[in-house]
Amino acid sequence: QVQLVESGGGLVQPGGSLRPSCAASGTIFRITTMAWYRQSPGKQRELVAGITSFGSTNYADFVKGRFTISRDNDKNTVYLQMNSLKPEDTAVYSCNADVRRYLYTVSTTYWGQGTQVTVSS
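Draft legend 1. Region of the structure containing the overall build of the chain. A tally of regular secondary structure across the chain gives zero helices and 11 strands. Computed over the C-alpha atoms, the radius of gyration of the chain is 14 Å, within 12% of the 14 Å expected from 2.2 N^0.38 for a compact globule of 121 residues. Projected onto the principal axes, the alpha-carbon positions of the chain cover approximately 50 × 25 × 25 Å. Across the chain, the fraction of contacts at a sequence separation of at least 24, relative to all contacts at a separation of at least 6, is 55%. Approximately 6,500 Å² of the chain is accessible, and the part contributed by carbon and sulfur atoms is 48%.

Following this line, the structure appears as structure tokens:
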């Protein structure tokens with residue numbers, strides 16, 4: 001199986017920064033796309049940012065210029081540098097990864113359990 005474990009969330013004041021990470025472990029041949037999503041109470045889950053194995057990135061408009069997604073392919077880990085945080089960024093942030101477990105298998109999407117990010121004074 002494959003497990004994704006997030007860490008690095010927490011409480012931060014408006015204007016502050018956090019850098020959560022998400023590490024994948026288990027039987028992994030290759031990870032293609034990794035991404036961060038978030039969900040606030042009463043809202044649907046929304047894409048924050050994604051990154052391919054080649055480093056191509058995409059961002060939601062509401063985080064452009066403030067958040068940066070990156071990954072370490074050797075460690076099967078994705079990071080989300082979050083700067084200039086706002087109260088409306090408060091949410092549970094979850095990562096996912098499209099994983100090929102073996103050479104001749106198709107990709108399967110796995111999810112982490114999420115990490116709480118709270119922006120408040």
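Draft legend 2. Layout of the sheet that holds strand β7 (residues 67–72). Read across the open sheet, the four strands follow the order β1-β3-β8-β7; overall the sheet is antiparallel. Edge positions in the open sheet fall to β1 (2–7) and β7, since each of these has one partner strand only. With direction set aside, neighbouring strand axes in the sheet form an average angle of 15°. Pairing of strand β3 (residues 21–26) with strand β8 (residues 77–82), which is carried by three bridges, proceeds in the antiparallel orientation. Across the sheet, Ala23 pairs through a bridge with Thr77, a residue of β8.

Draft legend 3. Spatial organisation of the packing of aromatic side chains. Using the criterion set out here, one finds one aromatic pair in the structure. Seen from the ring of Trp111, Arg45 lies directly overhead, with NZ or CZ sitting 3.8 Å from the centre.

Draft legend 4. Region of the structure containing the state of the cysteines. Applying the stated criterion to the full structure yields one disulfide. Across the disulfide, Cys22 is cross-linked to Cys95 (sulfur-sulfur distance 1.8 Å). One disulfide, between Cys22 and Cys95, carries an S-S torsion of 45° and so falls in the right-handed class. Of this pair, Cys22 sits in strand β3 while Cys95 sits in strand β9 (residues 91–100), and the two are 73 residues apart along the sequence.

Draft legend 5. Just the nonpolar core, in detail. Grouped together as the largest cluster of nonpolar side chains are 28 residues, with contacts concentrated most on Trp36, Leu80 and Tyr93. Secondary structure elements with two or more residues in this core: β1, β3, β4 (30–39), β5 (46–51), β7, β8, β9 and β11 (115–119). It is β9 that provides the largest number of residues to this core, a total of five residues. Those residues in contact with Leu80 that lie beyond four places of it in its chain are Leu18, Arg19, Pro20, Trp36, Val48, Ala49, Phe67, Thr68, Ile69 and Tyr93.

Draft legend 6. Representation of the pairing of β3 in the model. Pairing geometry for β1 and β3, over six bridges, is antiparallel. Note that in β3 the partner of Ser7 across the bridge is Ser21.

Criteria and cut-off values
- Residues numbered from 1 in each chain as written.
- Predicted model: local features only at pLDDT ≥ 70, side-chain atom pairs only at ≥ 80, totals over all residues.
- Heavy atoms only, no water.
- Helix = DSSP H or I, 4+ residues; strand = E, 2+ residues; numbered from the N terminus.
- Rg over C-alpha atoms; globule rule 2.2 N^0.38 Å.
- Contact = heavy atoms within 4.5 Å.
- Areas by Shrake-Rupley, 256 points an atom, 1.4 Å probe, with all protein chains shown as cover.
- Pairing = 2+ DSSP bridges.
- Axes fitted to C-alpha atoms, helices over the stretch in contact; angles between N-to-C directions.
- Phe/Tyr/Trp six-rings, centres within 6.5 Å; stacked < 30°, edge-to-face > 60°.
- Lys NZ or Arg CZ within 6 Å of the ring centre and 35° of its normal.
- Disulfide = S-S within 2.5 Å.
- Core = buried A, V, L, I, M, F, W, Y, C linked by side-chain atoms within 4.5 Å.
- Buried < 20%, exposed > 50% of the residue type's maximum accessible area, 1.4 Å probe, protein only.

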